[in-house]
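One letter stands for each residue in the lines below.
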Amino acid sequence: MKKKIQLLMVDDHPFILQAYKNTLERFKPDEYDIINTDADSAKAGYEAIVTSTFEFDVAFLDISIPNYPEKNIESGIDLALLLREKMPNCKIVLLTMHNEKLKFKYFADTIQPNGLVVKNDLTFEELLIAFGKVITGEIYYSETVLKMMQEENA
Amino acid sequence: MFLISCSKSSEIIKPSTPKDSLEVLLDLANTDSLDVNLKLQYNKKALKIISLQKNDSLNRVNYFKVANRFYNINALNEYKFVTQAVIKKAINTNDSISLSKGYDYLADYFSAQFEIDSAYKYNSKSEKIYIRLNDKYKLAKTLLNKAIFQHNANDLIGCEKTVFLVLQHLRGISESEEIRYQAYNLLGIIYGELTEYNLSEKYYQEALKIAVKVPSEYQSTATTLNNLGILYRKQNNDDLAIRVYTKALSQKNLFFDRPIIYAMLKDNLAYSNFKKGDFSKLPNLFFESLKIRDSLKIVSGIIINKIHLGEYYLSKKDSTKARKYALEAYDLAQSNGEKTQALETLKLLSRVNPIKALSYSEIYYSLSDSLQIIDNKARNKFARIEFETEELTLEKDKLVEQRKTLIYIGLGIILIGVFIFVIRFQAAKNRELMLVQEQQKANEEIYQLMLNQNNKIEEVRQSEKKRIAQELHDGILGKLFGTRMNLGVLNSKKDDLAISERGSYIDELKTLEQEIREISHDLSSEKTAVFNNFVLMVTNFLETQKKVCKAQITFSIDPKIEWNAIDNMAKINFYRILQEAFQNINKYANAKNVAVKFLQTDNKTALSIQDDGVGFIFQRKKKGIGLLNMNSRIINSGGEMHIETEPGKGTLLKFELPQTPIQT
């Protein structure tokens, strides 16, 4: 029996959600059955999390998303914090267009995400690698992030 | 005839204090009730005391006091001695006032001694000092003495001159009635002697007017009335003469105050009665007078009295008595050097003794020749003329004074006018200054407004930048990322579906191109109209006006206007003009529509503000502060203002600015 993976993807670009979906369809289809849940805004993501009857296994959260001021959710970070509270076992991958090291450090410190990805680093192949690492409990930092971290440590 | 007598009892007697023996002695020496010899003793004691004192001004005053007391008790030698002593002291201390007073006293001494030449000399000395001291009152007094001397010397013309000099000096000096009286009295005498009877009477009348103001003990009224009687006698008007003599004799205390006058009046009254042919009181009246004169040793009076008696007895055909009195009179006149009177007696003698008439006549003519006969006709009228001209000049002076007053008033008015002008000028200047300050303040406000506007624009610009960045970042980059990812996925597929899907992503790339073009356009359009500071300011201003102003506001800007070419000051002025115009519109215009237009015509940029309100009469309001402000602002920027308005027809304000405005 194939292993079921509940995946939450939050990004305001339908293109990107489509790309993630298309890509992950190719991830070990024999072994895993990936079930997608989409959200194109903070609000949709929030509702997806709080109304979900199951726990997500993996969450792809874009940091820059239309905010949801009613629930004080400004970005993917807030959604990540919510997830950490509601579904502590969920593996969180943060994706961002930004590449400032201070932000990475902040993300890493506050959320301690399972994956931190600069979208510019991401390719079809790389996403598959990242996904594979995250579901097995490894930490995945994309190339730029790693470089930044190294500079930070050095 | 009688003139004056000197009296030196004019000082105030102070109550004696036992401590001050000098003062006590002086008081005693001046006490009427005391015996003359006693007074003399006291006065000599007083003199001893003061002669030991220091030569100071008080000392000299005391010397004069002592001199006065000697004079009053007729101790003339002592008087002369004291006077000479004080003159020395005055010379030693350069005390001109005491010196002149001393000379006066000495002149009085010589006058009393009938040493006319010496008296005249000292009088002249003091006269010179008074001229130097410019003491008009004392000078007048001295001159009066001089006139009397001149009169006594029969220098009628000189005397007349001097008297008028006296009157000139007295002009404007109050409390000089006594001298004035004597001057007029003397004039009466002189003109009487010059047979100018009318003038003589006129001056006697003047003298009588003043006489009442002179202390009564001088008996001035009686004196002048006596003189007036003699005048009437000369004119053969004995009735009038008798009337004035009688009036004179009825003066209070006359016999006590002036026995000489009293005797003279009696004699004159008797003579007029005699001339008139009324012998009822004669010759007793003559003898009454003669008795007094004899006792007083009034030589000239005795002579006249005897002449009168001679005449009386001649008329009574008593030639013995007549001859007796005539001869007595002649002898007295001869022995006393009374030449004029001697002539009179000779006339009488030739009448009472017709046999000797020829020899008397001869004596008469030789005597007459020896006398200086005054030519009546050639008398010097100059002094009188001078006096009268002086009166005219005075009136002229008065006129001049009035004119001066007018001139002063005129000058005053002019001065006040100048003051008012200066004040108003200053006020106007201040107002102008305040106006400039206000304008500056307004300018600053507008600068501030422009600055704020700039900040606002900067904010807008920043947020716009942020928006564009966001759009690029999140939108376009996201889309590009999505497209790339999808194309990456499709790379692994080689079926037809994949090919058609790729096609849709290529279309997606085209859309992205378009989006990028739009963002780029947004960036470049920043410079233009939307972001133009001034236009934005005006728009904002009109937006706020729309809330306040009752009128409908329409606003248009000619797109041809190149705002960047117009300097900031001009823009500020336009803005301020707009503010001012709307203030007027809101306050007064009561308009329904207001049209604000920025126009570009030929080489001019123009602002026109037109309303359909009440309008106004331009001539009446053209000095209004609002219009002045607007005008000065547009002129400052090198432009001009045009106004078209009429009551009820709205207002059109047009401000034209040439294309090359003055840089400020």
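Up top is the structure these notes are about.
Here is a short report on the structure shown in this document. Each chain carries its own residue numbering, running from 1 in the written order of its sequence. Numbering of ligands from 1 and lettering of chains from A proceed in the order in which they are written. Local features in a predicted model are, by the rule used here, given only for residues with pLDDT of at least 70; side-chain atom pairs are given and counted only at 80 or more, and totals for whole chains, interfaces and linings are based on all residues.

1. Some words on the interface of chain B and chain A
We call two residues in contact if the C-beta atoms placed from their backbones are at most 7 Å apart. Opposite the 13 residues of chain B that make contact, chain A presents 14 residues. Split into classes, the residues belonging to the side of chain B that touches chain A amount to four nonpolar, seven polar and two charged. Residues were grouped as follows: Ala, Val, Leu, Ile, Met, Phe, Trp, Tyr, Cys and Pro as nonpolar; Asp, Glu, Lys and Arg as charged; and all remaining residues, including Gly, as polar.

2. Observations regarding the pairing of strand E2 (residues 32-39) of chain A
Residue and element names in this part refer to chain A. Two strands form a pair only when DSSP identifies at least two bridges running between them. For the purposes of this entry, the term helix denotes a DSSP run of H or I that reaches at least four residues, the term strand denotes a run of E that reaches at least two, and both are numbered from the N terminus. In terms of strand pairing, strand E1 (residues 3-10) meets E2 through eight bridges, oriented parallel. Looking across to E2, one finds that Lys4 is bridged to Asp33. The handedness of a crossover follows from its direction of travel: if, with the strands pointing away from the viewer, the path from the first strand over the helix to the second runs clockwise, the crossover is right-handed. Assessed by its sense of winding, the connection that carries the chain from E1 through helix H1 (residues 14-24) to E2 is right-handed.

3. Overview of the environment of Asp30 of chain A
Residue and element names in this part refer to chain A. Relative to the assigned elements, Asp30 resides in the loop between H1 and E2. Residue burial here comes from a neighbour count, namely the number of other C-beta atoms, placed from the backbone, that lie within 10 Å of the residue's own C-beta, with 20 or more meaning buried, 12 or fewer meaning exposed, and in between meaning partly exposed. On the neighbour-count criterion, Asp30 (6 C-beta atoms within 10 Å) is exposed. Taking the C-alpha atoms as reference points, Asp30 and Lys2, separated by 28 residues in sequence, lie 6.8 Å from one another.

4. Thoughts on the sheet that holds strand E6 (residues 140-141) of chain A
Residues and elements named next belong to chain A. Spatial strand order, E2-E1-E3-E4-E5-E6: six strands in an open sheet with parallel pairing. A single partner strand is all that each edge strand has here, and the edge strands are E2 and E6. Axis definition: a line fit to C-alpha positions, over the contact stretch in the case of helices; interaxial angles, taken between N-to-C directions, run 0 to 180 degrees. Seen against the sheet, H1 touches E1, E2 and strand E3 (58-62) and runs at an angle of roughly 175 degrees to E2. Strand contacts of helix H5 (residues 124-135): E1, E3, strand E4 (91-96), strand E5 (115-118) and E6, with the helix running at about 150 degrees to E4, the strand carrying the most contacts.

5. Concerning helix H3 (residues 57-72) of chain B
Residues and elements named next belong to chain B. Given the number of residues in a helix, its expected span is that number minus one, multiplied by 1.5 Å. Its 16 residues place the ends of H3 23 Å apart at the C-alpha level, agreeing with the 22 Å of an ideal helix rising 1.5 Å per residue. On its buried face, H3 is in contact with helix H1 (21-29), helix H2 (36-52), helix H4 (76-92) and helix H5 (96-112). After H3 finishes, the residue Asn74 shows a positive phi value of roughly 65 degrees.

6. Description of helix H15 (residues 284-296) of chain B
Residues and elements named next belong to chain B. Here H15 contains 13 residues, and its C-alpha end-to-end distance of 18 Å stays within 8% of the 18 Å for a straight helix at 1.5 Å per residue. Taken together, the buried positions of H15 are Leu285, Phe286, Ser289, Leu290, Ile292 and Arg293. Summarising the axial view, the buried residues of H15 lie within an arc of 165 degrees, below the 170-degree limit, and thus occupy one face. For H15, the exposed residues lying more than 90 degrees away from the buried face are Asn284 and Ser295. In this structure, the buried side of H15 is in contact with helix H14 (259-276) and helix H16 (299-315). Lys297, located one to two residues past H15, shows a positive phi value of around 60 degrees. For this quantity, the arc is that covered by the directions from the helix axis to the C-beta atoms.

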